[in-house]
Structures are given as C-alpha cells and as structure tokens.
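Structural overview for review
Chain by chain, the residues:
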Amino acid sequence: MTFQVTVQPSGRQFTCDEGETVLAAAIRAGVGLPYGCKNGACGSCKGKVLEGAVVHGKHQEKTLPVAEEQQGLSLFCCATPQSDLVIEAREVLGAGDYPIKKLPSRVAKLEKLTDDVMLVALQLPAAERLQYRAGQYIEFLLKDGKRRSYSMANAPHLDEHITLHIRHMPGGLFTDHVFGAMKERDILRFEGPLGTFFLREESDKPIVLLASGTGFAPIKAIIEHAAHQKIARPMTLYWGGRRPKDLYMHALCEEWTRTLPNFKYVPVVSDAQPEDGWTGRAGFVHQAVMQDLPDLSSHQVYACGAPLMIEAAQRDFSAQCGLPEDEFYADSFTSEADLAKA
Ligand code: FES
C-alpha cells in the first residue's frame, strides 16, 4: 500500500510506501524537505500536517512536545503516513539535485590533525565522482548494518578525494577503528550525499559561520566553495573549542583572512589552561557572536557542532539578536547521531 503526499505551498507530490517515513520517501523522490539528524533529535524536519494522519516513531520529546503534535506539527523524519497527506513544509532548493549513491571508496590518506581528530581522505572508483553541495554529508555503511555520518570537509570542486574530519570517541567502535586498525587502502562503503545544510546562494545577506570542534568540517567546505564561486558576501567564521588545539586548522583560517575578500575569523576558546598561553577570545562561541553582532536581523547563520551549542545559538540569536528563524541553518551532532558518530 502506498500513500500520496502533497507538499504545500509548492504542490509537489510523491508517494510513500507503507511503513516508510515521509522524509525517506521525499529524499527518494528528490523532493528537498529540510532535515538534519534523521532520528527525531534536531527538529530541522519539522512541518505541519494539513490533511491526513501520521504516526510518529521514536523521537525526542523536546523536539516535538505533545502540545505541538496536537496542533498538527510533525517531525517528518519519524512520521509514517496512515493516509494520503497534505503537508506544509519549506522546501530546500537544490537539495535533491544530485543523485544519492551507494559507493565503495578506498582510504587514500590518514592524517592526525590533532591527538583526537583524524583527516580521512577517500578515493572513489576511477569512473565515479560524488556530486554534492558544500556542507552535505555521507553515511558509512558498516558491516553490522549501522551507519556513521560525516560531513565532507572539502568543497565539491576539489574532488580528487573526499576528505572527512573524524573525532575520536574513545570506546566507539567505528572511531576506535579509525584511530587504531584502519590503514590506507582499506575499503569503506558509504551512501551520499545527504543533508540540507549548505549555502543558500540566492541570498545576498552577510553570513555568520559558527562551528564547534569538528563542526568545522562542513563550514570549511562552504568557505572553500564560496571562495571558488567568488561569492563576495561578508563572511565571519566563529570557531570554538575547549582548548586551542581543538581549532585544528587555525592557521588555514588565518590564511583565509589574508586571501579572501570580506572574510573574518574569530577563534574562541572556552577552557584554556595556563600552559596554552591563549590570549584570544574566551568563553562560549555563540556568545562571542552576540557580543560582536547584537543585531542579526539581516544576517544568515550557518552552525555546525555540538547540540548544546546549536540549541543555545538558535534560541539566543532569535530571542536576543532578532535573527529571523528561517535564517538559521544548522547541522547538529545530535545525541543519538553523536553516538552514531562514534
Ligand atoms: S528531527 Fe527530523 S531530521 Fe532531525
């Protein structure tokens, strides 16, 4: 049995198989509904059911409180239709432009960027190229059926390799392997490109890029892409880490301030120790943005990193700095995804 889903206001339609989530069917059909975690934790896929009924699978209560569900709001990543549906959702232009493929890849390079971040460069089969938007991610397909997601850290035009920044989560099966037994020439299978976290190029607003830890990876891809496209919108990168070593490509960011027009870089460290000799900005990275830019009403913000940082930024930027809700774009390492990132 299949159900028909109509998206308003665009009027686009797709079919959803029984037991399939609305989001999975939309991705399959190349319809660009926004999403992030795909597991009911980040809220990026939230929209409204205007007609018909859905049942929600496992999700976080705070992401869809019962009161919101009663008002017809829905997390499409864990909503399965019980009838034909009419839904209201923002559509992301360009999200479905590139085919989602399952591909084998070979580990071409492993390079420790710091004690707990590994750069992994992947080589695709000679006849293959992965087309994607800077900011998107891939999911590794592991032998036990599990998946691990990582954002591409290189812009799509630099397509010799796909590079990823993988943070070691001690005890996590996958990252223990990356930091232990993995070696060059190993084969990894993945699916991608996925995600709707990428630069909205139709806008001319100034851009704030906000990263914590390895949330820098997709932000780096976005900056490289914008530079390649000669996008001249003012761009300010705020990169936060606990210690200075967490800003593992600090020198590259400083170089961008010299080579890219309209680019600023503000490194922020929350827990510097005396031996770090840190004399730069201290505190939480999203608060540094608010100190520098108390009025965000005409900006766009792209944020990637720890869920607490993303939640605080989303809340405070809109409540205290006037950032329009739909100008906040995020890719959160949600708690379940965080586990999945292990
Ligand atoms: S809650 Fe649905 S994509 Fe994150």
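Residues numbered from 1 in each chain as written. Predicted model: local features only at pLDDT ≥ 70, side-chain atom pairs only at ≥ 80, totals over all residues. Heavy atoms only, no water.

Quick word on the overall build of the protein chain
Broken down by element type, the protein chain carries eight helices and 19 strands. On the principal axes, the C-alpha backbone points of the protein chain span a range of 60 × 50 × 40 Å. Out of the 342 residues belonging to the protein chain, those deemed buried represent 52%. In the protein chain, the proportion of contacts linking residues at least 24 apart, taken out of those at least 6 apart, comes to 68%. Charge centroids of the protein chain, computed over 36 positive and 43 negative side chains, lie 5 Å from each other. (Helix = DSSP H or I, 4+ residues; strand = E, 2+ residues; numbered from the N terminus. Buried < 20%, exposed > 50% of the residue type's maximum accessible area, 1.4 Å probe, protein only. Contact = heavy atoms within 4.5 Å. Lys, Arg positive; Asp, Glu negative; His and termini not counted. Charge placed at Lys NZ, Arg CZ, Asp CG, Glu CD.)

What to know about the packing of aromatic side chains
In this structure the tally under the stated criterion is eleven aromatic pairs. With a centroid separation of 6.0 Å and an interplanar angle of 85°, the aromatic rings of F216 and Y248 are classed as edge-to-face. Here the residue F216 occupies a position in helix α4 (residues 216–228), and Y248 occupies one in the loop between β15 (235–241) and α5 (250–259), the gap between them amounting to 32 residues. Each member of the pair, F216 as well as Y248, carries the same accessibility label: buried. Ring pairing ties together the aromatic residues F216, W239, Y248, W256 and F263, which thus form one cluster. Between the NZ or CZ atom of R133 and the centre of the ring of F198, over which it lies, the distance is 5.4 Å. Above the ring of F198, the side-chain terminus of R200 is found at 4.7 Å from the ring centroid. (Phe/Tyr/Trp six-rings, centres within 6.5 Å; stacked < 30°, edge-to-face > 60°. Lys NZ or Arg CZ within 6 Å of the ring centre and 35° of its normal.)

Quick word on the sheet that holds strand β11 (residues 147–151)
As summarised here, the arrangement of the six strands in space is β11-β10-β13-β8-β9-β12, forming an open sheet in which the pairing is antiparallel. Each edge of the sheet is formed by a strand with only one pairing partner; in this case those strands are β11 and β12 (162–167). In this sheet, neighbouring strand axes are inclined to one another by 40° on average, regardless of whether the strands run parallel or antiparallel. (Pairing = 2+ DSSP bridges. Axes fitted to C-alpha atoms, helices over the stretch in contact; angles between N-to-C directions.)

Let's talk about the sheet that holds strand β19 (residues 328–332)
Strand order in this open sheet of six strands is β17-β16-β15-β14-β18-β19, and the pairing throughout is parallel. Looking at strand neighbours, the two that pair on one side only are β17 (281–282) and β19, the edges of this open sheet. In the sheet, β15 pairs with strand β16 (residues 263–269) via seven bridges, with the strands oriented parallel. If you follow T236 over to β16, its bridge partner there is K264.

Topic: the environment of S74
Inspection of the secondary structure assignment puts S74 in strand β5 (residues 73–75). Given a relative accessible area of 0%, S74 falls into the buried group. Excluding residues that lie within four positions of it along the chain, S74 makes contacts with C45, K46, G47, V49, V54, H56, L64 and A79. Separated by 3.0 Å, the side chains of S74 and H56 make a polar contact. (Polar contact = N/O pair within 3.5 Å; in protein donor to acceptor, adjacent residues only side chain to side chain.)

Comments concerning the environment of S332
Tracing the chain through its elements places S332 in strand β19. For S332, a relative accessible area of 12% translates into the label buried. Sequence separation between S332 and W278 is 54 residues; the distance between their C-alpha atoms is 27 Å. For S332, the residues in contact, after removing those within four places along its chain, are G305, P307 and I310.

Concerning the confidence of the model for the protein chain
Per-residue confidence for the protein chain gives a mean pLDDT of 93, with 97% of residues at or over 70. Below a pLDDT of 50 lies the segment residues 335–342, which in the model reaches 22 contacts outside its immediate sequence neighbourhood of four places, other chains included. (pLDDT = per-residue confidence, 0-100.)

Observations regarding unusual backbone geometry
Cis peptide bonds are those with omega within 30 degrees of zero, and the linkage from Q8 to P9 qualifies with 5°. Positionally, P9 belongs in the loop between β1 (2–8) and β2 (13–17). Residue P193 is reached from G192 by a cis peptide bond, and omega for that bond is 5°. For N262, which is not a glycine, the phi torsion comes out positive at approximately 60°. Inspection of the secondary structure assignment puts N262 in the loop between α5 and β16. Accessibility expressed as a relative area gives 44% for N262, which makes it partly exposed.

Here's the deal with the domain arrangement of the protein chain
By domain assignment, the protein chain separates into domain 1 (2–88), domain 2 (101–194) and domain 3 (207–334). Between the C-alpha centres of domain 1 and domain 3 the distance comes to 30 Å. (Domains from an automatic or database assignment.)

Section: the nonpolar core
Judged by nonpolar contacts, the single largest core of 33 residues is most densely connected at L209, F216, I223, L237 and W239. Within the residue set of this core, elements represented by two or more residues are β9 (117–123), β14 (207–212), α4, β15, α5, β16 and β18 (300–305). Top contributing element to this core by residue count: α4, with six residues. Residues within four places of L209 in sequence aside, it is in contact with I219, I222, I223, M235, T236, L237, Y238 and Y302. (Core = buried A, V, L, I, M, F, W, Y, C linked by side-chain atoms within 4.5 Å.)

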